Amino acid sequence: MSTPPARSAVKFDLFADAARKRKIQALGDPLQLIACHIDFDHLTQTIDDLLPRGDGRKGGRPPYPTSVMVRILVLKYLNNLSDEQVEYQLLDRMSFQRFCLLEDSATIPDRNTIWHYQQRLGLDGVTALFQAVDAQLLRHGYLARCGQIIDATLVPAPIQHLTKDEKEQLAQGKTPEDWSEAKRRQKDLDATHTKKHGKSYHGYKLSINVDARHKFIRKIATGTASEHDSRHFDEVLDAHNTSRDVYADKGYPSAQRSEMLKALNYREHIQRKAQKNKPLSACQKKRNTRIAKTRARVEHPFAQMRHMGGKLIRTIGQARATVAMTMMATCYNLQRLARFLKDGVDAFYKAKAKPSKTELRLQGANA
């Protein structure tokens, strides 16, 4: 008597793909959340106006649509992927294909296509994308409100291992004789070294301006790691914030800056720093604590951007590093806007402050 085959929960079905799609939609695809709430047609038109593409009359392989390539770049920075990984994931993941409008396409952009498109965009292209996303924030009513917070963070880059002779030649503006052109292209000579809290860093610096109400990034500026945090303060100061309050940490105070802010009718909320043999007074410490409660909101965008590659940037040269950091800021705003629209966050609603312990005791006594 033959033994019956063991039962299995695995079922083979011709319509398995359709069943998976329905289940993904029921669970909620985070990429479709972005696709539903972000106006990618507007982003596409912005890039096409800035960098018009040929009509194909001269022949050659036709290009991928701008709408596809812009979505691919968004995926790349949202998930901190290399060009090679983007190509693989587009071939492998159904959600990526659907988001990039390639679900029924027989061809997928390869790593070289993705790299060349980003090079074609350059700093002007990604800056235009950042501004286009900002325009969508304003369209939905998310104005820069309740003050602005300015801060900077270090973005590390791979350390370049150079000999003493190579460093001396580079300091003189010369290229080491034994370097080939290929080797020179692989050396990042723009990134610099600095120390912070006794720890050495090598890379770049990103300065941002965040509105205190919604925590959207309104302005950005980039530099090298050795530049002081306050160097880009004026560059990221936002004149369009509806409030005149400006918050910053202990790296920004100066008499000249205080006079400048006062002349421009801003209310300064910059934390004070103790000097040698001049400790902070109790009043200054209390003031710093009060400012820190609002200023800490700028750390949230930095934390989110670290998941997008801000822990270590792998580009070569300051120009490409600036492109990468601008795309991170763009994707942060884009993702946050989609979440706000899904949750129905009112742009002008002000949450009620939590009652104090004294108020809670009084409410309990009255009850």
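Up top is the structure these notes are about.
Conventions we followed
- Residues numbered from 1 in each chain as written.
- Predicted model: local features only at pLDDT ≥ 70, side-chain atom pairs only at ≥ 80, totals over all residues.
- Heavy atoms only, no water.
- Core = buried A, V, L, I, M, F, W, Y, C linked by side-chain atoms within 4.5 Å.
- Buried < 20%, exposed > 50% of the residue type's maximum accessible area, 1.4 Å probe, protein only.
- Helix = DSSP H or I, 4+ residues; strand = E, 2+ residues; numbered from the N terminus.
- Salt bridge = Lys/Arg side-chain N within 4 Å of Asp/Glu carboxyl O.
- Axes fitted to C-alpha atoms, helices over the stretch in contact; angles between N-to-C directions.
- Parallel < 35°, antiparallel > 145°, perpendicular 65-115°, else oblique.
- Left-handed = near helix turned anticlockwise from the far one by under 90°.
- Contact = heavy atoms within 4.5 Å.
- Nonpolar A, V, L, I, M, F, W, Y, C, P; charged D, E, K, R; others polar.
- Expected span 1.5 Å × (residues − 1).
- Polar contact = N/O pair within 3.5 Å; in protein donor to acceptor, adjacent residues only side chain to side chain.
- Disulfide = S-S within 2.5 Å.
- Phe/Tyr/Trp six-rings, centres within 6.5 Å; stacked < 30°, edge-to-face > 60°.
- Lys NZ or Arg CZ within 6 Å of the ring centre and 35° of its normal.

## A few points about the nonpolar core
Alright, step 1. Membership of the largest hydrophobic core comes to 69 residues, with the highest contact counts inside it found for Phe40, Leu43, Ile72, Leu90, Phe99, Ile217 and Ile313.
Alright, step 2. Broken down by element, this core gets its largest block of residues, 13 residues, from helix H14 (residues 318–343).
Alright, step 3. With twelve residues, the next largest nonpolar core counts Ile150, Ala152, Leu237 and Tyr266 among its residues.

## Quick look at the pattern of salt bridges
Alright, step 1. Under the criterion given, the structure shown has 14 salt bridges.
Alright, step 2. A salt bridge links arginine 20 to aspartate 17, with the shortest nitrogen-to-oxygen separation between them at 3.2 Å. Taken together, the residues arginine 20 and aspartate 17, both in helix H1 (residues 16–27) and three residues apart, mark about one turn of the helix.
Alright, step 3. Here arginine 98 and aspartate 29 are joined by a salt bridge, their closest N and O atoms 2.9 Å apart. Taken as a pair, arginine 98 in helix H6 (residues 94–99) and aspartate 29 in the loop between H1 and helix H2 (30–37) lie far apart in primary sequence, 69 residues in all.
Alright, step 4. Overlapping salt bridges, with partners in common, bring together Asp134, Asp211 and Arg218 in one network.

## Some points on the packing of helix H5 (residues 83–92) against helix H7 (residues 111–139)
Alright, step 1. Where H5 meets H7, the axes come as close as 8 Å, and the angle between the chain directions of the two elements is 125°. As summarised for this structure, H5 and H7 are arranged oblique, according to the angle between their axes. In terms of crossing hand, the pair formed by H5 and H7 is right-handed. Counting all contacts with H5, which are made through Asp83, Glu84, Val86 and Glu87, the residues of H7 involved are Arg111, Ile114 and Trp115.
Alright, step 2. Across the contact of H5 with H7, the residue classes tally to three nonpolar, no polar and four charged.

## Some words on helix H4 (residues 66–78)
The α-helix winds at 3.6 residues per turn, so residues separated by three or four positions along the chain end up facing the same way.
Alright, step 1. Under the 1.5 Å per step criterion, the end-to-end length of H4 is 18 Å for 13 residues, consistent within 8% with the ideal 18 Å.
Alright, step 2. With respect to burial, H4 is a largely interior element, 13 of its 13 residues being buried.
Alright, step 3. At the C-terminal side of H4, asparagine 80 shows a positive phi close to 55°.

## Quick word on H7
Alright, step 1. With 29 residues, H7 should cover 42 Å at 1.5 Å per step; its first-to-last C-alpha distance of 35 Å lies more than 12% under that length.
Alright, step 2. N-cap assignment for H7: the residue whose side-chain oxygen lies 3.2 Å from the backbone N of asparagine 112 is aspartate 110.
Alright, step 3. Following H7 by one or two positions, glycine 141 adopts a phi angle in the positive range, close to 90°.

## Looking at the state of the cysteines
Alright, step 1. One pass over the structure, following the stated rule, counts zero disulfides.
Alright, step 2. The thiol of cysteine 36 is not disulfide-bonded; the next cysteine sulfur, from cysteine 100, is found 14 Å away.
Alright, step 3. Residue classification places cysteine 36 among the exposed positions, given a relative accessible area of 61%.

## A word on the packing of aromatic side chains
Alright, step 1. Counted according to the given criterion, the structure contains five aromatic pairs.
Alright, step 2. Their ring planes at 85° and their centres at 5.7 Å tell us that phenylalanine 40 and phenylalanine 99 sit as a pair that is edge-to-face. Note that phenylalanine 40 is positioned in helix H3 (residues 40–50) and phenylalanine 99 in helix H6, a separation of 59 residues in sequence.
Alright, step 3. Ring centres of phenylalanine 233 and tyrosine 252 lie 5.7 Å apart, and the angle between their planes is 50°; on these two criteria the pair is classed as tilted. Residue phenylalanine 233 is found in helix H10 (residues 233–236), and its partner tyrosine 252 is found in the loop between strand E5 (245–248) and helix H11 (255–263); the two are separated by 19 residues along the sequence.
Alright, step 4. Here the aromatic residues Tyr142, Phe216 and Phe340 are joined through ring pairs into a cluster of three or more.
Alright, step 5. Over the aromatic face of phenylalanine 233 sits the side chain of arginine 257, whose NZ or CZ is 4.6 Å from the ring centroid.

## Observations concerning unusual backbone geometry
Alright, step 1. Backbone geometry places cysteine 146, a non-glycine residue, at a positive phi of 65°.
Alright, step 2. Here cysteine 146 lies in the loop between H7 and strand E1 (148–156).
Alright, step 3. Looking at cysteine 146, the relative accessible area reads 33%, which means it is partly exposed.
Alright, step 4. Phi angles above zero are rare outside glycine, and asparagine 277 is one such case at about 65°.
Alright, step 5. Looking at the element boundaries, asparagine 277 is found in the loop between strand E6 (267–270) and helix H12 (282–295).
Alright, step 6. Under the relative-accessibility criterion, asparagine 277 is labelled exposed at 72%.

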